[in-house]
Amino acid sequence: MFPLQIIALLPLVLVVLLTKYIQGIRGANHERRRAVLNELSLTDIHSKKLVGFFHPYCNAGGGGERVLWTAIAIMQRSEPDVVSVVYSGDVDATKEQIIAKVKSRFDIDLSPQTLHFVFLHSRHLVEDSAWPRFTLLGQSIGSMYLAWEAMSKLIPHLFIDTMGYAFTFHIVSMLGNIPMGAYVHYPTISTDMLERVKSRKKWHTNSDAISSSSVLSRGKLLYYRLFMYYYAFSLRQASFLMVNSSWTKNHVDAILQHTDPLLDAIHLLTPLVIFKVTSNQHSSPKSARIIYPPCDTREMVKLSLEGRERVILSVAQFRPEKDHAAQLHAFHQLLVSHREYAGPDARVKLVLLGGSRNDEDAARVSGLRSLATTLDIEEHVQFVVNASYTEMLGWLARASIGLSTMVDEHFGINVVEFMAAGAIPVTHASGGPLNDIVVPFNGEPTGYHATSPETFAEALHTVLTLTPEADLAMRQRARTWAVQRFSEEEFEKGWSASGWKRWLPVPSGIAPNA
C-alpha cells in the first residue's frame, strides 16, 4: 500500500518541484535583466524594455536574417528605450563579428548599445541531422529545449520568434509568463504537405521509401495529423502573428482555424487535459497580418539595366527546399534544347550564389557540383559560396536572368532583388513569386513562371531571345514594381502597425494609450 501512496503523490510532488523551479528562474531574472543593461552602460534602466528575438541562425545571412536585422534597426531608430535581445546559436561568432557581417551582407547599421546576444549551446537539437526520422517532431522538441536554455539565461519583456519555432511558446509561457509574437516565414506544416503524402508524391519532406509504401504513407498521415493539431495549438499561444506573403497568410490562417474533434475529445477525457489547462488563456489571434519582407534596393537600383551578360544567376541559401538541383536540370535542358548556348558565340553561364550554414549545407554544395559534372555542364556552372554583399551586387549587375526553382516559396526576397537589380526573374509557378512578386505591372509582365525542366528551359530561352526594346522595357517594369512594393519603408510601416509595442509592459502611472 505504501508504494501505491507514493506513486499517487508523485504527480503532486513533481508539480511542486516544477513550481519552485519556475519561481526560482523568475526570481533571478530581475538581476539578469539589470546585469544586461549595466553591461550595455545604459542609463535610466527602469524605463528600458527587453524585446527578445528567437533566431538561432541569426548569422546565416539569408532573407530571414534580413527581416530580423531590419526590424531591430527600425526599433533602434524609433524606440530608444527598447533593448533588442537576440537568442543565437552562433557560438562561434562574437557580437562584434555578427554586427560586422550584418553590415557586410545587408548594409544594415546596428548600434551595439541597445543590442544584446544570448548565446545558446543546444542549437544542434534543431539541426536536420539530429533527427533523421520524425524530423518535424524532433526539431520541435529540440526547439523547446533551446527555448528552455534561452529563458533560463534571460527572460525578456516580449518574446518574438522570427524563425518559425512555434513550439517554443509553451516553454516561454510556462517559464516567463510574458506576451509572445511571431514573424512567420512559412508554416512548419501545411495542407500542401498533407496532400503530397496523400498523393504519395516524392519530395524533400516525403522520401521515396514513404511515398512508395501505402502502409508507411498512412502512418505518416497519422503523424502529420497529430503534428498539425499541436502546431495549430502552439500558434494560438501567440498574442500577434505577422507573415511574409499571401501564401503564408492563407496557410497560417487555415491552421489557426484547424480543428480535430477526435483529438479534442482525447485531450478532455485523458490526463492530456493538463496540456489544455496550462496553456495561455488570452484571446488567440484569428488571422495573421501580411508584412512583406524588406528589400534594401538602394544599391540595386543604381545598377544599369543595359549591357547585361548572358549570366543566369541564382541567389539562395544551399538548403534542400531551395531545390538547386532543379536549376541544374533546367540549365542542362536549356543547353540540350538550344545547343547554341554552349558555343562560344552565345555562351550562357549559370551562377549559383548562396550561403552555406553548416556541414549539411557544405555537403549539399558538394553534391550539386557532382551533379553538374554528371550532367556534363560543369564548364558552364559556377558556385559562389558565402559571398559578401558587395560580391553579390557585382553578380546582380552582370546577370540577365534571376532564377528561382523553389516550390511553394513562401515569399522570395531573392526574386525581389533580381527585379530591383534589373535581372528578369524566372521562378517556379507557386507561392510568393507567383501570387505576390512576379505579377503584371500596369497590365504588362514582369517576368516568367515555370514548373518543369522543360518549361524552365523555354522560359530562359524566351528571355535570352527578347528584342533589345522588349528586354529593357521588362527590366524597367520589374524594377519599378519591386522598388514601389517591397521597400524598407513599406516594411517599417507594416512593422510599426503590427501592434507589437502594445504588448510591452507599461510603466506605472502611464495609461496604455497615452
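Analysis parameters
- Residues numbered from 1 in each chain as written.
- Predicted model: local features only at pLDDT ≥ 70, side-chain atom pairs only at ≥ 80, totals over all residues.
- Heavy atoms only, no water.
- Pairing = 2+ DSSP bridges.
- Helix = DSSP H or I, 4+ residues; strand = E, 2+ residues; numbered from the N terminus.
- Phe/Tyr/Trp six-rings, centres within 6.5 Å; stacked < 30°, edge-to-face > 60°.
- Buried < 20%, exposed > 50% of the residue type's maximum accessible area, 1.4 Å probe, protein only.
- Axes fitted to C-alpha atoms, helices over the stretch in contact; angles between N-to-C directions.
- Left-handed = near helix turned anticlockwise from the far one by under 90°.
- Contact = heavy atoms within 4.5 Å.
- Nonpolar A, V, L, I, M, F, W, Y, C, P; charged D, E, K, R; others polar.
- Patch = residues over 30% accessible without salt bridge, like charges linked within 9 Å, V, L, I, M, F, W, Y side chains within 5 Å.
- Areas by Shrake-Rupley, 256 points an atom, 1.4 Å probe, with all protein chains shown as cover.
- Salt bridge = Lys/Arg side-chain N within 4 Å of Asp/Glu carboxyl O.
- Core = buried A, V, L, I, M, F, W, Y, C linked by side-chain atoms within 4.5 Å.

J.: I tried to follow the sheet that holds strand 1 (residues 49-54) on my own but got confused; where do I start?
T.: Two modes of strand pairing occur in sheets, parallel and antiparallel, and in both the strands are linked by backbone hydrogen bonds. Strand order across the open sheet formed by seven strands is 3-2-1-4-5-6-7, with parallel pairing between neighbours. Lying at the two open borders of the sheet, with one neighbouring strand each, are strand 3 (115-119) and strand 7 (289-290). For strand 2 (residues 82-88) and strand 3, the ladder comprises five bridges, and the chain directions are parallel. Following the sheet pairing, Y87 is matched in strand 3 by V118.

J.: How should the packing of aromatic side chains be read in this particular structure?
T.: Enumeration over the complete set of coordinates arrives at 20 aromatic pairs. Ring geometry for F53 against W495: centres 6.5 Å apart, planes inclined by 25°, an arrangement best described as stacked. A residue pair is termed long-range when its members are at least 10 positions apart, and F53 in strand 1 and W495 in helix 19 (residues 488-497) qualify at 442 residues. Taking relative accessible area as the criterion, W495 reaches 1% and is therefore assigned buried. Consider the rings of F54 and F159, whose centres lie 5.8 Å apart with planes at 40°: the pair is tilted. Here F54, found in strand 1, pairs with F159, found in strand 4 (residues 158-161); they are 105 residues apart in sequence, far enough to count as distant. Here the two residues F54 and F159 agree in accessibility, since each one is buried.

J.: Help me out: how do you make sense of the packing of helix 12 (residues 324-337) against helix 17 (residues 453-464) in this one?
T.: A pair of packed helices is characterised by two quantities: the angle between their axes and the separation of those axes. Between helix 12 and helix 17, whose axes approach to 8 Å, the crossing angle comes to 65°. Judged by the twist between their axes, the crossing of helix 12 over helix 17 is right-handed. Contacts from H329, A330, Q333, L334 and S337 in helix 12 reach P453, E454, F456, A457, E458, L460, H461 and L464 in helix 17. For the contact of helix 12 with helix 17, a count of residues per class yields seven nonpolar, four polar and two charged.

J.: Teacher, can you tell me more about the environment of P156 here?
T.: Take P156: it is sitting in the loop between helix 4 (135-153) and strand 4. Other than its neighbours up to four places away in sequence, P156 contacts R33, L50, V51, G52, Y87, M151 and I178.

J.: Where do I start with a nonpolar patch on the surface in this structure?
T.: Together, L9, L10, L12, V13, L14, V16 and L17 give the surface a local cluster of nonpolar side chains, amounting to about 640 Å² of exposed area. Along the chain, L17 turns up in helix 1 (residues 2-39).

J.: Looking at this structure, I do not really get the sheet that holds strand 13 (residues 448-450). What am I missing?
T.: Strand order in the open sheet made by the six strands is 10-9-8-11-12-13, with parallel pairing throughout. The strands lining the two open edges of the sheet, one partner per strand, are strand 10 (381-385) and strand 13. Neighbour-to-neighbour, the strand axes of this sheet turn through a mean angle of 25°, independent of strand direction. Strand direction decides the pairing type here: strand 11 (residues 401-404) and strand 12 (residues 424-428), joined by four bridges, are parallel. Each residue of the ladder has a partner; that of G402, found in strand 12, is P425. Contacting strand 8 (311-315), strand 9 (349-354), strand 10 and strand 11, helix 12 crosses the sheet at an angle of about 170° to strand 9.

J.: Help me understand the nonpolar core, please; the structure alone is not making it clear to me.
T.: In this structure, V51, W69, L110, L313, L396, W495 and W500 are the most contacted members of the largest nonpolar core, which totals 66 residues. Ranked by residue count, the leading element in this core is helix 2 (residues 63-78), at eight residues. When near neighbours in sequence (up to four residues on either side) are disregarded, W500 contacts V51, M75, E79, V82, L158, F240 and W495. Formed by 54 residues, the second largest nonpolar core is a distinct cluster that contains F54, L154, I171 and A288.

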